[in-house]
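Understanding the architecture of this molecule
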Amino acid sequence: MKVEENMSQPLAILAPGLLCDARLFEPILDVFQEHNYETHLVTHHLDDSLEGIVARLRDEVDNNREVLLVGLSMGGYIVLEAFFSNIGIPKGLVLLNTNARADRDDQKETRRRLMEQSTMGRFTGVTKKLAPMFLSEKNLKNNELVDVIIGMGEAIGQEGYVRQQTAIMNRQDRRQDLPSIEVPTLIMVGEEDQITPPKVAREMHGLIPDSTLVEVPECGHLVPLEVPELCKAELAKLMQKIS
């Protein structure tokens, strides 16, 4: 079903990361409203390939709709796939805590092992033990934030998690395609991001011509949750540039 559309109003397509849901973007939604953007959340736990996720998105977004593609981590892989698949009319791109590389063989093997382990016992998604992989040392002390990321993982569930991991591990390397991106692009990464560290954000910045890189101190893998005010300020700059 297509998004209910005012075709004159641009659409911000929001793609969450692995084991994340709409709560990832809740702290920054008002910046899109302030700049007259409608928002649409990508469904990313029902298909086991990026192509399938983007095909589902194509059914929901009009080909002639101007879009701003926003993705975090796995969501970054999704919005790059959407960009190169001509979803809507892309006017800007936001790549948060993500990278353009394909998985190495050892990374794929780790994902296979994690998927196998997810079938054993009760699936809990992100546990407090795993929270340090997602949050900075400072933000680990924020119990409300830890509860949010645990809750998101539980909501995605074990079957959704396996489909997401399968889609991630089979993605293609997009680095050779990045120089062809001609729209304004915002890249943000936490200095303490252990999953997609700053070096891969710098790599994308070096390959995308009209890109801005923001490296955030005391921030891990979840920019919209950890530093929402800074994230909104940078998004506002991008949307003003686009307009």
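**Points about the overall build of the chain**
Scanning the chain for helices and strands turns up 8 helices and 6 strands. Starting at the N terminus, the α and β elements of the chain follow one another as β-α-β-α-β-α-β-α-α-β-α-β-α-α. Its C-alpha atoms give the chain a radius of gyration of 17 Å, within 12% of the compact-globule value 18 Å for 243 residues. Burial status across the chain gives 54% buried among its 243 residues. Taking the contacts inside the chain whose residues are at least 6 apart along the sequence as the reference set, 80% of them involve residues at least 24 apart. In the structure as shown, the chain presents an accessible area of about 11,000 Å², 47% of it carried by carbon and sulfur atoms.

**Some remarks on the nonpolar core**
Judged by nonpolar contacts, the single largest core of 74 residues is most densely connected at I13, F32, I149, L222 and L235. When residues of this core are assigned to their parent elements, the largest contribution, 9 residues, is made by helix α5 (residues 143-169). Contacts of I13, omitting those with residues within four sequence positions, involve H40, V42, L57, V61, V67, L68, L69, V70 and I87.

**Describing the packing of aromatic side chains**
Inspection of the entire model under this criterion finds 2 aromatic pairs. Judged by centre distance (5.3 Å) and plane angle (35 degrees), the ring pair of F123 and Y161 falls under tilted. Linking F123 in the loop between α4 (105-117) and α5 with Y161 in helix α5, this pair joins segments that are 38 residues apart in sequence. Exposure remark for Y161: the relative accessible area of 7% places this residue in the buried category. Sitting above the plane of the Y77 ring, R171 keeps its charged end 4.0 Å from the centroid.

**Some remarks on the pairing of strand β6 (residues 211-216)**
Two strands pair when backbone bridges link them, and strand β5 (residues 185-190) and β6 are joined in this way by 6 bridges, in the parallel orientation. By the bridge assignment, V189 is partnered in β6 with E215. With helix α6 (residues 198-207) bridging β5 and its parallel neighbour β6, the resulting β-α-β unit is right-handed.

**Points about the environment of M120**
The topology assignment puts M120 in the loop between α4 and α5. Taking the C-alpha atoms as reference, M120 lies 24 Å from S49; in sequence the two are 71 residues apart.

Rules behind the numbers
Residues numbered from 1 in each chain as written. Predicted model: local features only at pLDDT ≥ 70, side-chain atom pairs only at ≥ 80, totals over all residues. Heavy atoms only, no water. Helix = DSSP H or I, 4+ residues; strand = E, 2+ residues; numbered from the N terminus. Rg over C-alpha atoms; globule rule 2.2 N^0.38 Å. Buried < 20%, exposed > 50% of the residue type's maximum accessible area, 1.4 Å probe, protein only. Contact = heavy atoms within 4.5 Å. Areas by Shrake-Rupley, 256 points an atom, 1.4 Å probe, with all protein chains shown as cover. Core = buried A, V, L, I, M, F, W, Y, C linked by side-chain atoms within 4.5 Å. Phe/Tyr/Trp six-rings, centres within 6.5 Å; stacked < 30°, edge-to-face > 60°. Lys NZ or Arg CZ within 6 Å of the ring centre and 35° of its normal. Pairing = 2+ DSSP bridges. Right-handed = clockwise from strand over helix to strand, strands pointing away.

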